[in-house]
Amino acid sequence: MIPNGNSKPNIERFLGYQDEYDRYRPEAPRMVIELLTTYLGRRPSLVADVGCGTGLSTFLWKDAADAVTGVEPNPDMLGKALDKLRLLENSGQSLSFMQGYSNQLPFAERSVDIVTCSQSFHWMDPVSTLQEIFRCLRPGGVFAAYDCDWPLMLQPDIEARYNRLIAAADDLLAELQPASEQAYKWDKEGHLSRIKASGLFSYAREIVFHHTESCDAQRYVGLMLSQGGIQSVLKLAPAALEQDIAGFTADVERFFQGRTLPVVISYRMRIGVK
């Protein structure tokens, strides 16, 4: 049973495309470890990665914390993370995953050093989630919600076409789904103000950084297709965006010309220190 304060459409939005998500989405960069460990002031005993999806932001901590637990409500995404964990050699007892919800976490009071939400906080009720994170954090512990900017930096016409595709998907979903079945996301730009307004943290700020990853045409198109709105439309009306996706794909392939290129990924991290 889903606890109060959680949205069933938000959780189910990510059913069925865990493989594509894991294949194309960026892994969390090591800068996350460096920044949060610096703010904590020591090596963390326990890190909780909430809304961890397929573990792209969880495995990062394997050797940087005594223990790390990924918490994810979606069974498909969680299953992918567990599959990856089973393939990981020498994982020991430091890394684990479990099903759970952001406002009902499986941790004792004041037991967690760092709580992260990577590309996920905007899907959670911020009031009850921040209260639960505060309960779990040790004094001096750090909460961090971080996201990368979409689309990844490439070329103006392609980025504009990407944005039009996302907007078209949102418009289609408004027509295809009853209001009660539509996912709702909080605006990411409001993360910091909500952390501050909670009154739960002694210090809060935003940190902006970037990371570079290799990307080819297939991955760039895959990143677009991995967006929740696009995937939801493809489930409900597969042909609705067919021409738009084909045009976007052609533009991207012309740009890359079979090459693999470094692509800059910009991140925005909003933190609160207990």
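Computed from a predicted model, the values in this text were never measured in an experiment. (Residues numbered from 1 in each chain as written. Predicted model: local features only at pLDDT ≥ 70, side-chain atom pairs only at ≥ 80, totals over all residues. Heavy atoms only, no water.)

Before going further, it helps to spend a moment on the side chain of T129. Turning to its location among the elements, T129 is positioned in helix α5 (residues 126-136). For T129, a relative accessible area of 0% translates into the label buried. Engagement of the side chain of T129 in a polar contact is seen with the backbone oxygen of D125, the distance being 2.7 Å. The residues contacting T129, other than those within four sequence positions of it, are S102, N103, F121 and M124. (Helix = DSSP H or I, 4+ residues; strand = E, 2+ residues; numbered from the N terminus. Buried < 20%, exposed > 50% of the residue type's maximum accessible area, 1.4 Å probe, protein only. Polar contact = N/O pair within 3.5 Å; in protein donor to acceptor, adjacent residues only side chain to side chain. Contact = heavy atoms within 4.5 Å.)

Further remarks concern the sheet that holds strand β2 (residues 67-72). Across the sheet, which stays open at both edges, the seven strands sit in the order β3-β2-β1-β4-β5-β7-β6 with mixed pairing between neighbours. Single-partner strands in this sheet number two, and they are β3 (95-99) and β6 (203-215). Mean inter-strand twist for the sheet, computed between neighbouring axes without regard to direction, equals 20°. In this structure, β2 lies alongside β3, joined through five bridges in parallel fashion. Paired with V71 across the strands is M98, a residue of β3. Each of β2 and β3 is contacted by helix α4 (residues 75-87), which is oriented at about 160° to β3, the strand it contacts most. (Pairing = 2+ DSSP bridges. Axes fitted to C-alpha atoms, helices over the stretch in contact; angles between N-to-C directions.)

Before going further, it helps to spend a moment on α4. Taking 1.5 Å of rise per residue, 13 residues should cover 18 Å, and α4 covers 19 Å from first to last C-alpha, within 8% of that figure. Taken together, the buried positions of α4 are M77, L78, A81 and L85. Mapping the buried residues of α4 onto a view down its axis gives an arc of 100°, with all of them on the same face. Set apart from the buried face of α4 by more than 90 degrees, the exposed residues are R86 and L87. For α4, the secondary structure elements touched by its buried residues are α2 (18-24), β2 and β3. With a side-chain oxygen lying 3.0 Å from the backbone nitrogen of D76, the N-terminal cap of α4 falls on N74. (Expected span 1.5 Å × (residues − 1). Arc of directions from axis to C-beta.)

Bringing the packing of aromatic side chains into the picture now. Taken as a whole and assessed by the stated rule, the structure comprises 14 aromatic pairs. Ring plane angle 25° and centroid distance 6.4 Å describe the contact between F143 and F201, whose orientation is recorded as stacked. Taken together, the residues F143 in strand β5 (residues 137-148) and F201 in the loop between α7 (191-197) and β6 connect sequence positions 58 residues apart. Residues F143 and F201 agree in their burial class; the two are buried. (Phe/Tyr/Trp six-rings, centres within 6.5 Å; stacked < 30°, edge-to-face > 60°.)

Glancing now at unusual backbone geometry. Looking along the chain, the bond that leaves W150 and enters P151 is cis, with omega of -10°. Non-glycine residue R110 carries a positive phi angle of around 55°. Here R110 lies in the loop between β3 and β4 (112-118).

A few words now on the pairing of β5. Counting buried positions along β5 gives nine out of twelve residues, so the element sits mostly inside the fold. For the crossover that starts at β4, traverses α5 and ends in the parallel β5, the hand is right-handed. (Right-handed = clockwise from strand over helix to strand, strands pointing away.)

The next thing to look at is the nonpolar core. Residues L36, W61, Y220, F248 and M269 are the most contacted members of the largest nonpolar core, which totals 53 residues. The element that contributes the greatest number of residues to this core is strand β7 (residues 261-273), accounting for six residues. Contacts of F248, omitting those with residues within four sequence positions, involve I158, R161, Y162, L165, Y220, V221 and M224. The next biggest cluster of nonpolar side chains, apart from the first, holds 21 residues, and it includes V112, V115, C117 and L192. (Core = buried A, V, L, I, M, F, W, Y, C linked by side-chain atoms within 4.5 Å.)

Helix α10 (residues 242-256) packs onto helix α8 (residues 217-225) with a crossing angle of 150° between their chain directions and a minimal axis gap of 9 Å. Taken together, the axes of α8 and α10 are roughly antiparallel relative to one another. The two elements α8 and α10 meet at a crossing, and its hand is right-handed. Residues A217, Y220, V221, M224 and L225 of α8 form the contact with α10, whose participating residues are I245, F248, T249, V252, E253 and F256. For the contact of α8 with α10, the per-class residue count stands at nine nonpolar, one polar and one charged. (Parallel < 35°, antiparallel > 145°, perpendicular 65-115°, else oblique. Left-handed = near helix turned anticlockwise from the far one by under 90°. Nonpolar A, V, L, I, M, F, W, Y, C, P; charged D, E, K, R; others polar.)

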